[in-house]
Structures are given as structure tokens and as C-alpha cells.
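# Coordinate inspection notes
Chain residues, written in single-letter form:
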Amino acid sequence: MEIKKFINMPLEPKHYLKFLESEAEVKDKSELLDLLDKRIKNLCFDECERDRIVCTLTPMCSRRFLLRLRIKNNLTIEDLPQFCYSVHKGVVERHFRSKTVVYRPYDAYLYLVDFLDIFFHGDYRKLNKFISFQNWAEAKKIFDDRINNRNENFKYLLTENYFFFKFEDKIHVIFLNEGYVLCNANRENIVSLEMLYSLCKLYAGIYFPEVNLRLHGSKHIEITVKIPFDVLTNVKSEAAEINDSKADVYFWNTFWEDLNALTQYCDEIHLQMDKNQNLEIALSISLLTSNYSEDEKRVPLRFRDLRRILDFIIRIYSDFYIIWVE
């Protein structure tokens with residue numbers, strides 16, 4: 001008689017997700033979430049906080065994402081594991097000051113006062129008050145003084161719901177209604193059309209002021225950059241070599257690869273000649289990319305995706321358009 005062997009098949013994360021998404025009893029879902037909540041509390045406030053060396057060097061949640069979970073859900077600083085948050089703030093500060101860090105704190109969330117303490121230390125109390133009470137004139141006065149009289153190299157842009165700061169290649173976003181700040185934005189999603197348009201506007205003001213940027217309907221923005229006719233007509237009619245001109249090498253070897261790469265982030269890319277025979281490249285961008293997830297949903301546009309688009313525009317504008325205008 002053959003004896004059947006049973007293989008142990010443990011529960012996997014997908015099983016929990018399926019259970020929570022199914023029509024299971026509310027009581028069962030609540031009990032499962034309660035078990036998860038107890039486990040996370042024990043992990044954060046006991047196991048990880050208890051061993052400060054571990055908490056500092058190898059936190060038990062990857063890049064302290066459980067802090068992000070708490071902050072984004074409007075928990076106060078008193079509801080956070082205190083030592084963990086202090087280390088987190090210290091990592092952001094050390095990275096800002098170009099000091100050695102255990103990991104680069106991309107997509108790090110801080111409370112407003114702590115962000116201001118790191119990036120604008122001498123004025124952080126006044127700035128916290130001005131921003132909290134929406135006294136924008138006084139806040140801007142401090143920022144402008146730092147830029148114009150203290151040689152601090154950053155740009156800023158205030159919108160209805162956000163305050164954007166650009167230090168070198170790093171973007172930081174104050175969420176005005178929520179009272180927290182996203183530092184070193186990278187993998188986080190761009191969550192609104194206002195945010196998307198404002199980021200493009202911030203970059204445009206610095207790198208490509210003459211490029212046409214506009215809201216296109218209620219779900220898209222459109223950026224149109226030109227390659228002048230004179231530049232195109234001077235490109236060689238045969239494959240370029242390394243020692244040929246910058247335009248020859250780029251348009252023969254890289255241009256179409258760049259456009260092909262951008263198709264995964266843009267809704268549409270249109271190329272057409274204007275009335276002066278300049279080539280117009282119009283990039284239509286929304287909050288969703290043209291990539292799809294495993295569940296066949298369009299993947300949201302992230303900060304680093306937008307940066308790839310903007311880098312292409314900066315290259316076209318600075319390498320070809322500016323030289324032609326001058």
C-alpha cells in the first residue's frame with residue numbers, strides 16, 4: 001500500500017493579501033490585522049529599540065519604512081519609536097552635509113520642524129512658525145536672504161499644497177496640509193497633477209526657461225522642446241564617428257534610443273516640424289507610466305522617472321537649442 005507524503009506548504013504573503021481582499025468575515029480580518037499590529041509594535045518598540053547598535057546600523061525594517069508608515073498616516077512624534085526616529089533624522093542630516101552614512105536616505109519622511117532644523121538650522125524656529133501659519137512673505141524673505149546674501153545654493157517653489165526645495169540634484173517636498181516632508185525624493189510616486197506640473201515648472205525655471213510647458217486637460221501636462229532647423233541640417237547624412245561633432249554623434253547614435261526609453265514614462269511623444277522647419281518634440285506626461293504591474297495596472301510615475309524625462313529635455317535644450325539661439 002502506497003503511503004502518500006504530504007509536503008508542508010507554509011502561508012505566504014500573497015495568501016494574506018488574498019484573504020484580506022476576499023469576502024472573509026470582518027472579524028477574521030480584524031483579528032489578522034491585530035496580530036500584525038502587535039508584531040510590528042513589538043518589533044519597533046522592543047526588539048529594535050532595545051538594541052541601539054542594531055537600530056543604528058541594521059534596523060529591522062528596511063530603510064526604516066515603518067517610520068514612513070507612521071508619519072504618512074499622521075501619527076505624532078510621540079507615537080514613533082524615539083531612538084529610531086532620532087537616528088533617522090541624523091542619517092538625513094549627515095547625508096545632507098556629505099558625511100558618511102550607513103545607507104542613503106532616499107524617500108525619507110520627517111516632520112516639518114525637523115526638516116527645517118536640518119536644512120535651515122539658524123532660522124528653523126521662525127520658519128516653522130511662518131510656514132505653519134502660512135505667513136509666506138516672511139518665509140520667502142528668509143529663503144531669499146539665504147540665497148542672495150549667504151551664498152546658499154538651493155531653489156524653491158511654493159504652490160497651493162506643496163513647498164518644493166531643490167538642493168543640487170535632490171528634491172524635498174513639504175506637504176503643507178499634512179505637516180510632513182519627503183526628503184531626497186526618488187522612488188515615491190508623484191501623487192497629484194499639481195505636484196507633477198510644479199516639479200516641471202521648478203526645473204524649467206532653472207534649466208530650460210524657454211521650453212513650452214502647459215497643463216493639457218485635467219490629467220496631463222505637455223512639455224515641448226525644439227531642435228532648430230539649422231542644427232538638423234548640419235547633421236551629417238552618414239553614420240557619425242567619435243571625433244565628429246556633438247550633434248552628429250548624438251543624433252546618429254543616441255537620440256532615438258533616448259526617445260524609445262522615454263516611451264515607458266510618457267503617455268505620448270509627438271514629433272513634428274513647425275512653420276520654421278524646427279523639429280518640435282512634445283512629451284505628454286501623466287501620473288501613470290506606460291508600464292504595467294503584475295496585476296495589469298499601470299504603474300504610477302515616480303520622482304526618478306520624471307527626472308529621466310527632464311534630463312532628456314535639459315540635454316536637448318542646453319546642447320542644441322541654447323547654442324543656436326546665441
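The structure this text deals with has already been given above.
Rules of the game
Residues numbered from 1 in each chain as written. Predicted model: local features only at pLDDT ≥ 70, side-chain atom pairs only at ≥ 80, totals over all residues. Heavy atoms only, no water. Helix = DSSP H or I, 4+ residues; strand = E, 2+ residues; numbered from the N terminus. Rg over C-alpha atoms; globule rule 2.2 N^0.38 Å. Buried < 20%, exposed > 50% of the residue type's maximum accessible area, 1.4 Å probe, protein only. Contact = heavy atoms within 4.5 Å. Areas by Shrake-Rupley, 256 points an atom, 1.4 Å probe, with all protein chains shown as cover. Lys, Arg positive; Asp, Glu negative; His and termini not counted. Charge placed at Lys NZ, Arg CZ, Asp CG, Glu CD. Pairing = 2+ DSSP bridges. Axes fitted to C-alpha atoms, helices over the stretch in contact; angles between N-to-C directions. Phe/Tyr/Trp six-rings, centres within 6.5 Å; stacked < 30°, edge-to-face > 60°. Disulfide = S-S within 2.5 Å. Parallel < 35°, antiparallel > 145°, perpendicular 65-115°, else oblique. Left-handed = near helix turned anticlockwise from the far one by under 90°. Nonpolar A, V, L, I, M, F, W, Y, C, P; charged D, E, K, R; others polar. Salt bridge = Lys/Arg side-chain N within 4 Å of Asp/Glu carboxyl O.

## Observations regarding the overall build of the protein
- Of regular secondary structure, the protein possesses 13 helices and 11 strands.
- Relative to the 2.2 N^0.38 estimate, which gives 20 Å for 326 residues, the radius of gyration of the protein is 25 Å and therefore markedly larger than a compact globule would have.
- Referenced to the eigenvectors of the C-alpha coordinate spread, the extents of the protein come out at roughly 75 × 75 × 40 Å.
- For the protein, the proportion of its 326 residues judged to be buried stands at 39%.
- Across the protein, every contact between residues at least 6 apart in sequence was considered, and the portion connecting residues at least 24 apart equals 53%.
- Counting only carbon and sulfur atoms, one obtains 51% of the accessible surface of the protein, whose full area is about 19,800 Å².
- Across the protein, the mean location of the 46 positive side-chain charges is 5 Å away from that of the 50 negative side-chain charges.

## Regarding the sheet that holds strand S5 (residues 180-183)
- Taken in spatial order, the 5 strands make up an open sheet running S1-S5-S4-S3-S2, and their pairing is antiparallel. Two strands in the sheet have a free side with no partner beyond their single neighbour: strand S1 (108-111) and strand S2 (154-158). Neighbour-to-neighbour, the strand axes of this sheet turn through a mean angle of 20 degrees, independent of strand direction.
- In terms of strand pairing, strand S4 (residues 170-175) meets S5 through 3 bridges, oriented antiparallel. Across the sheet, the residue bridging to Ile174 is Val181, located in S5.
- Sitting on the sheet, helix H5 (residues 82-96) touches S1, strand S3 (162-167), S4 and S5, and the angle it makes with S1 is about 110 degrees.
- The strands that helix H8 (residues 136-149) touches are S2 and S3; relative to S2, the one it contacts most, it runs at about 165 degrees.

## Focus on the packing of aromatic side chains
- Counted according to the given criterion, the structure contains 33 aromatic pairs.
- Measuring from ring centre to ring centre gives 5.9 Å for Phe120 and Phe167, while their planes differ by 55 degrees; the resulting arrangement is tilted. Taken together, the residues Phe120 in the loop between helix H6 (112-119) and helix H7 (124-132) and Phe167 in strand S3 connect sequence positions 47 residues apart.
- A residue is classified by how much of its surface remains accessible, and Phe120, at 0% relative accessible area, is buried.
- Taken together, Phe96, Phe115, Phe119, Phe120, Trp136, Phe143, Phe154, Tyr156, Phe163, Phe165 and Phe167 form an aromatic cluster joined through their ring pairs.

## Considering unusual backbone geometry
- Even without being a glycine, Asp107 presents a positive backbone phi close to 55 degrees.
- Mapped onto the fold, Asp107 is located in the loop between H5 and S1.
- With a phi angle near 70 degrees, Gln277 is a residue other than glycine that sits in the positive phi range.
- On the accessibility criterion, Gln277 (40% relative accessible area) is partly exposed.

## Here's the deal with the state of the cysteines
- Taken as a whole, this structure holds 0 disulfides when the rule is applied.
- The thiol of Cys200 is unpaired, and the distance to the nearest cysteine sulfur, on Cys266, comes to 9.9 Å.
- Using a relative accessible area of 0% as the deciding quantity, one classes Cys200 as buried.

## Looking at the packing of H6 against H7
- Across the interface, H6 lies against H7 with an axial gap of 9 Å and an inter-helix angle of 140 degrees. As summarised for this structure, H6 and H7 are arranged oblique, according to the angle between their axes. Relative to H7, H6 is oriented so that their crossing is right-handed. The segment H6 lies against H7, with Leu112, Val113, Leu116 and Asp117 engaging Tyr124, Leu127, Asn128, Ile131 and Ser132.
- Class assignment of the residues belonging to the contact of H6 with H7 gives a composition of 6 nonpolar, 2 polar and 1 charged.

## With respect to the pattern of salt bridges
- Enumeration over the complete set of coordinates arrives at 26 salt bridges.
- In this structure, the salt-bridge partner of Asp123 is Lys126, at a minimum N-O distance of 3.6 Å.
- Exposure remark for Asp123: the relative accessible area of 7% places this residue in the buried category.
- Connected through shared salt-bridge partners, Asp123, Lys126, Asp145, Arg146, Arg150 and Glu152 make up one network.

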